[in-house]
Amino acid sequence: MPILLFLIDTSASMNQRTDLGTSYLDIAKGAVELFLKLRARDPASRGDRYMLVTYDEPPYCIKAGWKENHATFMSELKNLQASGLTTLGQALRSSFDLLNLNRLISGIDNYGQGRNPFFLEPSILITITDGNKLTSTAGVQEELHLPLNSPLPGSELTKEPFRWDQRLFALVLRLPGLASMEPEQVGSVPTDESAITQMCEVTGGRSYCVRTQRMLNQCLESLVQKIQSGVVINFEKTGPDPLPVGEDGLMDSARPSNSFAVQPWHSCHKLIYVRPNSKTGVPVGHWPIPESFWPDQNLPSLPPRTSHPVVRFSCVDCEPMVIDKLPFDKYELEPSPLTQYILERKSPHTCWQVFVTSSGKYNELGYPFGYLKASTTLTCVNLFVMPYNYPVLLPLLDDLFKVHKLKANLKWRQAFDSYLKTLPPYYLLPLKKALRMMGAPNLISDNLDCGLSYSVISYLKKLSQQTKLESERILASVGKKPPQEIGIRVKNHSGVGVSLTHSKNFRKLLKEIIGESAPRLTELNTKEFAGFQLGLLNKDLKPQTYRNAYDIPRRGLLDQLTRMRSNLLKTHKFIVGQDEDSLHSIPVAQMGNYQEYLKTLASPLREIDPDQPKRLHTFGNPFKQDKKGMMIDEADEFVAGPQNKVKRPGEASSPLSSKRRRNVTVIPEVHEEKMENGQLTPDGFLSKPAPPELMNTAGDGIPHNQLDSLSDDFASLRKDGLIHKPGTNAILGGSKSGSVSVEDRKVSGTSALGTVANALQITPAMAQGINADIKHQLMKEVRKFGRKYERIFILLEEVQGPLAVKKQFVEFTIKEATRFKRRVLIQYLEKVLEKIDSHHHLNNVNHINSRSSC
């Protein structure tokens, strides 16, 4: 599970602007977000842990630590502000202490018991800074210094603040404030020349000098590739250089080897990859890298170790040794001058042994614990970690299995005991496990001694307990804000010494700076600071523009002091002394927070027409829709049932459907009539559109008083097919039927229809075009959100054609409403359809009666 810790420079210098107008801090925030997006492409990123540290004073510098989730991390990142000093050294120390918080509790460092590469917490520390001078309360620092004192218990066991599985990378922002006219250089990003570069190289990382946005993106992609599981080791050559190799791959003794010249491959500070197990997902290993001292029970304390073990390699070619069933560990080396030199020799069947100085008891260089060997395909170099002093152990084990058949004689046991005396005590347990895996007899006593004294073991246990308490204290302070100063402490020097203005040295210095005579305020250019003035708590006071403190009259000192204090402490919201640009400057993260701005506005006046829908503001999104107007209850309550079917004449209506039909708000008026010349008469289809108060009714039910008025409208539907509106003498639609002449029918139809007389000349082709347009508009209206159906019934009223055509349009509208789950609209349309069917049946009966009377 990789740990990614971002150390963001929050000093005041990060407020400087680039040529794009954004501050360095905004660029740092964007870089972190882009890095997370690039990292998310890798499926292995699911187990990543993100931490955030700033340049604030510890422990307030930790914004997101071990317990905070990703949402907290992103929130703290967006809320960062740049203020303070460039305390890079203290921030780095706090970052490494945060990473090392649980290592002593988990025992991952295994002090005094060898270094296990497969016990690791791979961590990448990425710092983003501007590379300016390092500042602190003591002044400006030329070099980077990390504090030696650490609140973390057990920090004295390691010389450096970092560990071998922690690497530091730095993005040093060097973006110009003005756009450069020179063409951008394409290629690799160079390292920076600031003080942090050396610190990065010591940990196994590097720095990047970022001058353009393209280079920043290139660096982020490179950093994503650096997230590898592994540990950093110092490889150093011991002994003479190997003999040169000829073009045929054989040793060429005729070619002299320059053993005294220092070559880049003689000393390399690189990573070895520790691959996780494909089944368990965690690294698995068997043998440690030995300590640089021999554990002795007489040692009162453990000597501090270096973060990166120094592994020395001998350039003497040896045969790579291995026997069946004996476990060994294999680690690939990161590409370096050493790996390049070994691969160029093209000797995949030879190896170079590796040692740790002072690891043995009787040998200063120590005994070999593995070897470096090129792969058979000559694509990489691997470090093989074997049992300590394996050139002695492997022949003994080979004889035990092949010669003695697992029955060791006295001579073999004496040789094996002699080997055990050269073995560090912490190798006994892994060797015992390896022999058990091979099926060998129990050759090592069960009473194993770790080689550490009782005082050392007790000290390590005590450190573990102290670390738990310190860990709880640090984690509890994560996310807390530093206390704010509520005022300014002013020392009272009244009556002590002479005023500064009366000092002879001060007057002499002032004279050297400004000349023979000090200029007055009236002699200075007041336009130099135009727009800047002291803030006022009392709006009745007139702003003053004093530039010299001695020009303030005695009676105005207290007022000016109040203004200065309010500006400094920012006790009120708006400061008159600010210039106009700063009043409108807000962080990028707050630019879209329009709701907070609306809260500060005064309450708007009421609308002139309250029935008109409110216009939704589209700040930042012109396609924004009002979610409150959506018919969510229709989608939840809609059930395909009898209410959605088109009601046919003669079908029995259930109580449920009849109850729903009471909610109809539109009265259909239909009548079929033909002209003498065979043309279609445009019958009035609807008596009137639904009232707006019914169209805007929220919920499924309709008030009883409105239902009563609708019942009166329904009662006004007379047998002659005309609808009479109560309280008036106007006939809204329909035509008379009976034994009347054609002329009377024309006159009656004209008087009944009133204003639609001109529409009688519509031809069938024109009516078909009008109906096609109405059908298209009906589809649009049904899809709209809300319950304002007035427009739908107006369109149905304008349908041209006989009663059957209008009935088809109502059925079509019901189908469209069913598609979009408009349940209330379906109820209205079903009532309309029911009236159309009943009216059609009434017309048929009247027609039969008239024929029988004739």
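Just so you know, these numbers come straight off a predicted model, no measurement behind them.

> Would you take a moment to explain the side chain of Asp130 for this structure?
The topology assignment puts Asp130 in the loop between β4 (123-129) and β5 (134-136). Among buried charged residues, Asp130 stands out as having no salt bridge; its nearest opposite-charge side chain is Arg174, 7.0 Å away. In this structure the side chain of Asp130 is engaged in a polar contact, spanning 2.5 Å, whose partner is the side chain of Ser13. Among the polar contacts listed, one links the side chain of Asp130 to the side chain of Asn132, at a separation of 2.9 Å. Among residues more than four places away in sequence, those in contact with Asp130 are Asp9, Ser13, Met14, Gln16, Tyr24, Val172, Leu173 and Arg174.

> How should I be thinking about the pairing of strand β14 (residues 370-374) in this particular structure?
Regular strands place side chains that alternate from one sheet face to the opposite one. Here β14 lies mainly inside the structure; 5 of its 5 residues are buried. Of the two faces of β14, the one carrying Gly370, Leu372 and Ala374 and the one carrying Tyr371 and Lys373 are both buried. Bridge count between strand β13 (residues 351-355) and β14: 4 bridges; the pairing is antiparallel. Of the residues in β14, the one forming a bridge with Cys351 is Lys373. Bridge count for β14 against strand β15 (residues 381-385) is 5 bridges, and the pairing is antiparallel. Pairing of Gly370 across the sheet is with Val385, part of β15. Linkage of β14 to β15, two consecutive antiparallel strands, is achieved through a turn of 6 residues, within which Leu378 is found at a positive phi near 55°.

> Even after reading the chapter, I still don't get the environment of Lys226, so can you show me in this structure?
Looking at the secondary structure, you find Lys226 in the loop between α6 (213-225) and β9 (230-238). The partly exposed category is assigned to Lys226, whose relative accessible area is 26%. The sequence separation of Lys226 and Ile124 amounts to 102 residues, and the corresponding C-alpha distance is 8.4 Å. If we ignore the near neighbours within four places in the chain, the residues touching Lys226 are Ile124, Arg167, Phe169 and Tyr208.

> Help me understand the nonpolar core, please; the structure alone is not making it clear to me.
One recurring pattern in soluble globular proteins is that nonpolar side chains are buried together. Judged by nonpolar contacts, the single largest core of 59 residues is most densely connected at Phe235, Phe416 and Leu431. For this core, the leading source of residues is helix α8 (residues 390-402), giving 6 residues. Not counting the four nearest positions on each side in its chain, Phe416 is found in contact with Leu393, Leu396, Leu431, Leu435, Leu443 and Ile444. Of all hydrophobic cores here, the second largest spans 38 residues; its members include Leu4, Phe6, Leu38 and Tyr50.

> I keep staring at helix α10 (residues 428-438) and nothing clicks. Help me out?
Along an α-helix, residues three or four positions apart point the same way, because every turn accommodates 3.6 residues. Those residues of α10 that sit buried are Leu428, Pro430, Leu431, Lys432, Ala434, Leu435 and Met438. On its buried side, α10 packs onto α8 and α9 (410-421). Within two residues after α10, Gly439 carries a phi angle of roughly 85°, on the positive side.

> Could you clarify how one ought to interpret a nonpolar patch on the surface in this entry?
Together, Ile586, Val588 and Met591 make up a nonpolar patch on the protein surface, roughly 280 Å² of accessible area in all. When its relative accessible area of 44% is taken as the criterion, Val588 is described as partly exposed.

> Could you clarify how one ought to interpret the pattern of salt bridges in this entry?
Opposite charge on two side chains makes pairing possible when the charged atoms of those side chains draw close. Taken as a whole and assessed by the stated rule, the structure comprises 19 salt bridges. Note that Arg93 is salt-bridged to Asp97, the shortest N-O span being 3.6 Å. Taken together, the residues Arg93 and Asp97, both in helix α3 (residues 88-99) and 4 residues apart, mark about one turn of the helix. We note that Arg93, like Asp97, is buried. For the salt bridge of Asp837 with Lys807, the shortest nitrogen-to-oxygen distance reads 3.1 Å. One end of the pair, Asp837, is in helix α24 (residues 823-853); the other, Lys807, is in helix α23 (residues 803-819), and 30 residues separate them in sequence. In this pair, the class of Asp837 matches that of Lys807, namely buried. Salt bridges linked by common partners bring Arg103, Asp109, Arg163 and Asp165 together as one network.

> It is not clear to me how the sheet that holds strand β8 (residues 207-210) should be interpreted in this structure. Could you clarify?
Sheets are built from strands paired through backbone hydrogen bonds, the pairs being either parallel or antiparallel. Read across the sheet, 6 strands follow the order β3-β2-β1-β4-β7-β8 without closing on themselves; strand pairing throughout is mixed. Because the sheet does not close on itself, it has two edges, and the strands there are β3 (62-64) and β8. Each strand axis lies, on average, 20° off the axis of its neighbour in the sheet, ignoring direction. Judged from the 2 bridges that link them, strand β2 (residues 49-53) and β3 form a sheet pairing that is antiparallel.

> How do you make sense of the sheet that holds β15 when you look at a structure like this?
In space, the 7 strands of this closed barrel follow the order β9-β10-β12-β15-β14-β13-β11, with mixed pairing throughout. Taken pair by pair, the neighbouring strands of this sheet meet at an average axis angle of 35°, ignoring direction. Docked against the sheet, helix α7 (residues 337-345) engages β9, β10 (267-273), β11 (310-314), β12 (329-333), β13, β14 and β15, running at close to 65° with respect to β14.

> What is the right way to read the packing of helix α1 (residues 24-39) against helix α2 (residues 70-78) from this model?
Two measures define how a pair of helices packs: the angle their axes make with one another and the distance between the axes. α2 packs onto α1 with a crossing angle of 155° between their chain directions and a minimal axis gap of 10 Å. Between α1 and α2, the angle falls in the class roughly antiparallel. Of the two possible hands of crossing, α1 and α2 adopt the one that is left-handed. Along its contact with α1, which presents Lys29, Val32, Glu33 and Leu36, the element α2 presents His70, Phe73, Met74, Leu77 and Lys78.

Conventions we followed
- Residues numbered from 1 in each chain as written.
- Predicted model: local features only at pLDDT ≥ 70, side-chain atom pairs only at ≥ 80, totals over all residues.
- Heavy atoms only, no water.
- Helix = DSSP H or I, 4+ residues; strand = E, 2+ residues; numbered from the N terminus.
- Buried < 20%, exposed > 50% of the residue type's maximum accessible area, 1.4 Å probe, protein only.
- Lys, Arg positive; Asp, Glu negative; His and termini not counted.
- Salt bridge = Lys/Arg side-chain N within 4 Å of Asp/Glu carboxyl O.
- Polar contact = N/O pair within 3.5 Å; in protein donor to acceptor, adjacent residues only side chain to side chain.
- Contact = heavy atoms within 4.5 Å.
- Pairing = 2+ DSSP bridges.
- Core = buried A, V, L, I, M, F, W, Y, C linked by side-chain atoms within 4.5 Å.
- Patch = residues over 30% accessible without salt bridge, like charges linked within 9 Å, V, L, I, M, F, W, Y side chains within 5 Å.
- Areas by Shrake-Rupley, 256 points an atom, 1.4 Å probe, with all protein chains shown as cover.
- Axes fitted to C-alpha atoms, helices over the stretch in contact; angles between N-to-C directions.
- Parallel < 35°, antiparallel > 145°, perpendicular 65-115°, else oblique.
- Left-handed = near helix turned anticlockwise from the far one by under 90°.

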